Amino acid sequence: MGDASQSDIERGQPGYALGILLISVLLLFNVAVFVAAPTFPPPSRGLGTVLIGAYLITWGLMFLASYYFSHKTFFLRGLLWVCEHFSNPRGKSMAFFYFALATVLGVVAVLVGLGVMEGRN
């Protein structure tokens, strides 16, 4: 009685509110980066580089969420669609690769921004 049919699982929920919230988080990071460091590329150390790192980490987390929760919102389904149609090799597991790539680059950017690692001058 409470079981979902296979077609309901594949179709998923529209999740408009959650999708708009996730997109808004990414847009807010963009605005924060432009306010903190209006020049590109930002200086090696400083708030702009830290925010860029946080932005990349957020993208990584979005790809990780798309692997597990793509049935929840259109945005996560779109990210998974990118993994399945624009990646080589194609497949759902590419979400892990994009998660790892964005997270590692984001952590490095945060560390450079905080002055823990040396960046370019």
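What counts as what
Along each chain, residues carry numbers from 1 onward, in the same order as the chain's sequence is written. Totals for whole chains, interfaces and linings use every residue, but because this is a predicted model, local features are given only for residues with pLDDT of at least 70 and side-chain atom pairs only at 80 or more, for both listing and counting. The basis for every side-chain value is the complete set of heavy atoms in the structure, and neither hydrogens nor water enter the calculation. pLDDT expresses, on a scale from 0 to 100, how confident the predictor is about each individual residue. A run of H or I in DSSP becomes a helix once it reaches four residues, and a run of E becomes a strand once it reaches two; helices and strands are each numbered from the N terminus. Contacts are assigned to residue pairs with any non-hydrogen atoms lying within 4.5 Å of each other. Centres within 6.5 Å are what make two rings of Phe, Tyr or Trp a pair, Trp counting through its six-membered ring; a difference in plane orientation under 30 degrees is then read as stacked, over 60 as edge-to-face, and the rest as tilted. Three labels apply to residues, based on accessible area from a 1.4 Å probe with only protein chains included: buried if under 20% of the type maximum, exposed if over 50%, partly exposed otherwise in between. Simply put, an axis is a line fit to the C-alpha atoms, just over the touching stretch for a helix, and the angle between two N-to-C directions goes from 0 to 180 degrees. Roughly parallel here means an angle under 35 degrees, roughly antiparallel means over 145, roughly perpendicular means 65 to 115, and every remaining angle is called oblique. Handedness of a helix crossing follows the sense of rotation of the near helix relative to the far helix, less than a right angle counterclockwise being left-handed and clockwise being right-handed. Following the grouping adopted for this structure description, the nonpolar residues are Ala, Val, Leu, Ile, Met, Phe, Trp, Tyr, Cys and Pro, the charged ones are Asp, Glu, Lys and Arg, and the polar ones are all others, Gly among them.

Moving on, we get to the confidence of the model for the protein chain. Per-residue confidence for the protein chain gives a mean pLDDT of 86; residues scoring 70 or more make up 88%. Within the protein chain, the element-level pLDDT minimum falls on helix α1 (residues 6–11), averaging 49, and the maximum on helix α5 (residues 94–114), averaging 95. Within the model, pLDDT remains below 50 along residues 1–9, and this stretch shows two contacts once partners closer than five positions in the same chain are excluded.

So, on to unusual backbone geometry. Here the amide bond leading from Asn88 into Pro89 is cis, since omega sits at 10°, within 30 degrees of zero. Within the element layout of this structure, Pro89 appears in the loop between α4 (74–85) and α5.

Our focus in this paragraph is the packing of aromatic side chains. A ring pair, where both rings are aromatic, is described by two values, the distance of the centres and the angle of the planes. Within this structure, the stated rule accounts for eleven aromatic pairs. Look at Tyr16 and Phe74: their rings are 6.1 Å apart centre to centre, the planes differ by 45°, and that puts the pair in the tilted class. Of the two residues, Tyr16 sits in helix α2 (residues 16–36) while Phe74 sits in helix α4, which places them 58 residues apart along the sequence. Given the relative accessible area of 56%, Tyr16 is considered exposed. With a relative accessible area of 34%, Phe74 lands in the partly exposed category. Judged by centre distance (6.5 Å) and plane angle (90°), the ring pair of Tyr55 and Trp59 falls under edge-to-face. With Tyr55 and Trp59 both in helix α3 (residues 47–69) and four residues apart, this pair spans about one turn of that helix.

Moving on, we get to the packing of α3 against α5. Close contact between α3 and α5 brings their axes to 7 Å; oriented N to C, the two are set at 160°. In terms of axis orientation, α3 runs roughly antiparallel to α5. At the point where α3 passes α5, the crossing takes the left-handed sense. By residue class, the composition of the contact of α3 with α5 is 21 nonpolar, seven polar and no charged.

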